[in-house]
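Residue strings, one per chain:
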Amino acid sequence: AFHAVIGFDEEKGKIVGISVASNKGVMIFSEGEFNKDREELVMFMEGENMTGQVVKQKEVTTFPNEDERITEIYQRASDEDERELLIEVAYMRKEK
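Residues numbered from 1 in each chain as written. Predicted model: local features only at pLDDT ≥ 70, side-chain atom pairs only at ≥ 80, totals over all residues. Heavy atoms only, no water.

It is worth spelling out the nonpolar core at this point. Counting residues in each nonpolar core, the largest one holds five residues, listed as Ala21, Val26, Ile28, Met45 and Ile73. When near neighbours in sequence (up to four residues on either side) are disregarded, Ile73 contacts Met45, Gln57, Lys58, Glu59, Glu84, Leu85, Leu86 and Ile87. (Core = buried A, V, L, I, M, F, W, Y, C linked by side-chain atoms within 4.5 Å. Buried < 20%, exposed > 50% of the residue type's maximum accessible area, 1.4 Å probe, protein only. Contact = heavy atoms within 4.5 Å.)

Below, the structure written as structure tokens:
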């Protein structure tokens, strides 16, 4: 299982997070910003992958509407547009 917690760090003025993969005990630290105009949360992460290699990733979460969010994780992310889509996950709120 994979667990993540994010929050706003007032000292850094950024959103920060930590993710843990429970099957290996791998911790990945991230930080980023929310772009209100684009309804987009962009986080940059660095940590060990499941093979122990240190990797850099970029996570982009968009909010198309109040019941849906889409998260894309890109491998070898940098400040440039060089991206390779690794994972895409769509979350949808269940009907009540």
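Tallied over the entire structure, the rule returns one aromatic pair. One cation-aromatic arrangement involves Arg69 over Tyr91; the distance from NZ or CZ to the ring centre is 4.1 Å. (Phe/Tyr/Trp six-rings, centres within 6.5 Å; stacked < 30°, edge-to-face > 60°. Lys NZ or Arg CZ within 6 Å of the ring centre and 35° of its normal.)

Here the focus is the pattern of salt bridges. Under the defined criterion, the tally for this structure stands at four salt bridges. Note that Glu31 and Lys12 form a salt bridge whose closest N and O atoms lie 3.2 Å from each other. Within this pair, whereas Glu31 is found in strand S3 (residues 26–35), its partner Lys12 is found in the loop between strand S1 (2–9) and strand S2 (14–21), the two being separated by 19 residues in sequence. Here Glu31 falls in the partly exposed class, since its relative accessible area comes to 27%. Here Arg93 ties to Asp67 by a salt bridge, and the two come within 2.8 Å at their closest N and O atoms. Pair noted here: Arg93 is in the segment after strand S7 (84–92) and Asp67 is in the loop between strand S5 (54–65) and strand S6 (68–75), with a separation of 26 residues, a long-range link. Exposure remark for Arg93: the relative accessible area of 55% places this residue in the exposed category. Taken together, the salt bridges that share partners define one network made up of Lys12, Lys14 and Glu31. (Salt bridge = Lys/Arg side-chain N within 4 Å of Asp/Glu carboxyl O. Helix = DSSP H or I, 4+ residues; strand = E, 2+ residues; numbered from the N terminus.)

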